[in-house]
Amino acid sequence: MRLHVVDHPLVAHKLSTLRDERTDSPTFRRLTDELVTLLAYEATRDVRTEEVEITTPVAVTTGTRLSHPRPLVVPILRAGLGMLDGMTRLLPTAEVGFLGMVRNEETLEASTYATRMPDDLSGRQVYVLDPMLATGGTLVAAIRMLLERGATDVTAVVLLAAPEGVEILEKELAGKPVRVVTAALDERLNEHGYIVPGLGDAGDRLYGTAG
Ligand SMILES: O=P(O)(O)OC[C@H]1O[C@H](OP(=O)(O)OP(=O)(O)O)[C@H](O)[C@@H]1O
Ligand SMILES: O=c1cc[nH]c(=O)[nH]1
Ligand SMILES: [Mg+2]
């Protein structure tokens, strides 16, 4: 498992507004979308391509296009859905699958309530979207499922990661073709399993269900 923290002033600026408790849901959704587009640029650095011959108004030349099989983008419901449009804007030909997962807020264990994606992911590059990597339970389970279905490599795109979650991924997915791209690596988890300083509950803030 490899970790990549995207170090860019625009990412840091947008993330700071996202963290601010005064930021309302419509702004939170817009900033999430904008941040994902910036992270997607980095996350897709190794997306597979092939050469294609194209004709410009001046000459015939060799261009590049995304190769087959198409990449698969998998948002983890609910909060990951807020990242889908930003990702597919950069990868318009990608296929989209869905994983519904929820963390029990008492035990912090993740469970899966919906799965809608191809059974066979042999040879596929997969991009998993979830804004928060906290204890890591959700992402470990999601990525294991993708690898078991044959995915060749998996890139998780997250907004915030906690060191505890990164450590779990490194341990549980050691030697696997997995990369995490995040806008920031935060300090720690608190006693409720929330990322500190974090941004609170991403799903609640995206969909206005807080409080
Ligand atoms: O790393 P972990 O400790 O597993 O926690 C992270 C998970 O918790 C949040 O989802 P939540 O369970 O709140 O579901 P929601 O997206 O429906 O709000 C978040 O979006 C991640 O999926
Ligand atoms: O800080 C956290 C941890 C888990 N899920 C969230 O939405 N936020
Ligand atoms: Mg939530």
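The rules behind each value
- Residues numbered from 1 in each chain as written.
- Chains lettered and ligands numbered in written order.
- Predicted model: local features only at pLDDT ≥ 70, side-chain atom pairs only at ≥ 80, totals over all residues.
- Heavy atoms only, no water.
- UniProt positions renumbered as here; feature names shortened; annotations may be inferred.
- Helix = DSSP H or I, 4+ residues; strand = E, 2+ residues; numbered from the N terminus.
- Rg over C-alpha atoms; globule rule 2.2 N^0.38 Å.
- Buried < 20%, exposed > 50% of the residue type's maximum accessible area, 1.4 Å probe, protein only.
- Contact = heavy atoms within 4.5 Å.
- Near = heavy atom within 4 Å.
- Polar contact = N/O pair within 3.5 Å; in protein donor to acceptor, adjacent residues only side chain to side chain.
- Areas by Shrake-Rupley, 256 points an atom, 1.4 Å probe, with all protein chains shown as cover.
- Patch = residues over 30% accessible without salt bridge, like charges linked within 9 Å, V, L, I, M, F, W, Y side chains within 5 Å.
- Salt bridge = Lys/Arg side-chain N within 4 Å of Asp/Glu carboxyl O.
- Core = buried A, V, L, I, M, F, W, Y, C linked by side-chain atoms within 4.5 Å.
- Pairing = 2+ DSSP bridges.
- Right-handed = clockwise from strand over helix to strand, strands pointing away.

The name given to the chain in an unreviewed UniProt entry is Uracil phosphoribosyltransferase, with Kitasatospora paranensis as the source organism. Reading the Catalytic activity (unreviewed entry) entry of the UniProt record for the chain gives the comment "UMP + diphosphate = 5-phospho-alpha-D-ribose 1-diphosphate + uracil". Comment text from UniProt for the chain, heading Function (unreviewed entry), reads "Catalyzes the conversion of uracil and 5-phospho-alpha-D-ribose 1-diphosphate (PRPP) to UMP and diphosphate."

1. Focus: the overall build of the chain
Helix and strand content of the chain: six helices and 13 strands. In terms of overall size, the chain behaves like a compact globule, its C-alpha atoms giving a radius of gyration of 17 Å where 211 residues would be expected to give roughly 17 Å. Expressed along its principal axes, the backbone C-alpha trace of the chain runs to roughly 60 × 35 × 25 Å. Counting over 211 residues, the chain shows a buried share of 46%. Put simply, of all contacts in the chain between residues at least 6 apart along the chain, 70% involve residues at least 24 apart.

2. Let's talk about the site of ligand 1
Close contacts around ligand 1 come from 15 residues, with Ala79, Arg103, Asp130, Thr135 and Thr138 the closest. The separation between an oxygen atom of ligand 1 and a polar main-chain atom of Ala79 is 2.9 Å. The protein chains hide 93% of the 500 Å² of surface that ligand 1 would expose on its own. Elements supplying a minimum of two residues to the shell around ligand 1: strand 6 (98-103), strand 9 (132-133) and helix 4 (137-148).

3. So, a nonpolar patch on the surface
On the surface, Leu81, Val96, Phe98 and Tyr207 cluster together into a nonpolar patch covering about 290 Å² of accessible area. Topologically, Tyr207 is positioned in helix 6 (residues 202-207).

4. Section: the nonpolar core
In a soluble, globular protein the nonpolar side chains are often hidden away together inside. Counting residues in hydrophobic clusters, the biggest one holds 35 residues, and the most contacted among them are Leu18, Val73 and Met87. Listed by contribution, the elements that provide at least two residues to this core are helix 1 (9-19), helix 2 (25-43), helix 3 (84-90), strand 8 (125-129), strand 10 (153-161), strand 11 (178-185) and helix 6. At seven residues, helix 2 tops the list of elements feeding residues into this core. For Leu18, the contacting residues outside a window of four places in its chain are Phe28, Leu31, Thr32, Leu35, Leu159, Leu199 and Arg205.

5. Focus on the pattern of salt bridges
Under the criterion given, the structure shown has 14 salt bridges. For Arg124, the salt bridge identified is with Glu95, shortest N-O distance 2.7 Å. Of this pair, Arg124 sits in the loop between strand 7 (110-116) and strand 8 while Glu95 sits in strand 5 (residues 95-96), and the two are 29 residues apart along the sequence. When salt bridges with common partners are traced through the structure, they connect Lys14, Arg30 and Glu34 into a single cluster.

6. Topic: the pairing of strand 4 (residues 72-77)
Counted residue by residue, strand 4 has five buried out of six residues, so it is predominantly covered. Bridge count for strand 4 against strand 5 is two bridges, and the pairing is parallel. By the bridge assignment, Leu72 is partnered in strand 5 with Glu95. Taken together, strand 4, helix 3 and strand 5 constitute a β-α-β crossover, and its handedness is right-handed. Inspection of the sheet shows strand 4 paired to strand 8 by four bridges, in the parallel sense.

7. A look at the UniProt feature "binding site: uracil" (unreviewed entry) in the chain
Cross-referencing UniProt, the feature "binding site: uracil" (unreviewed entry) maps to Ile195, Gly200, Asp201 and Ala202 in the present numbering. Note that Ile195 resides in strand 13 (residues 195-196). Setting aside its immediate chain neighbours within four residues, Ile195 contacts Met132, Leu133, Ala134, Leu160, Ala162, Asp186, Arg188 and Leu189. With respect to the helices, strands and loops of the structure, Asp201 is situated in the loop between strand 13 and helix 6. Residue Asp201 is classed as partly exposed on the basis of its relative accessible area of 26%. Leave out the neighbours within four places in its chain, and Asp201 touches Arg78 and Tyr194. Among the polar contacts listed, one links the side chain of Asp201 to the side chain of Tyr194, at a separation of 3.0 Å.

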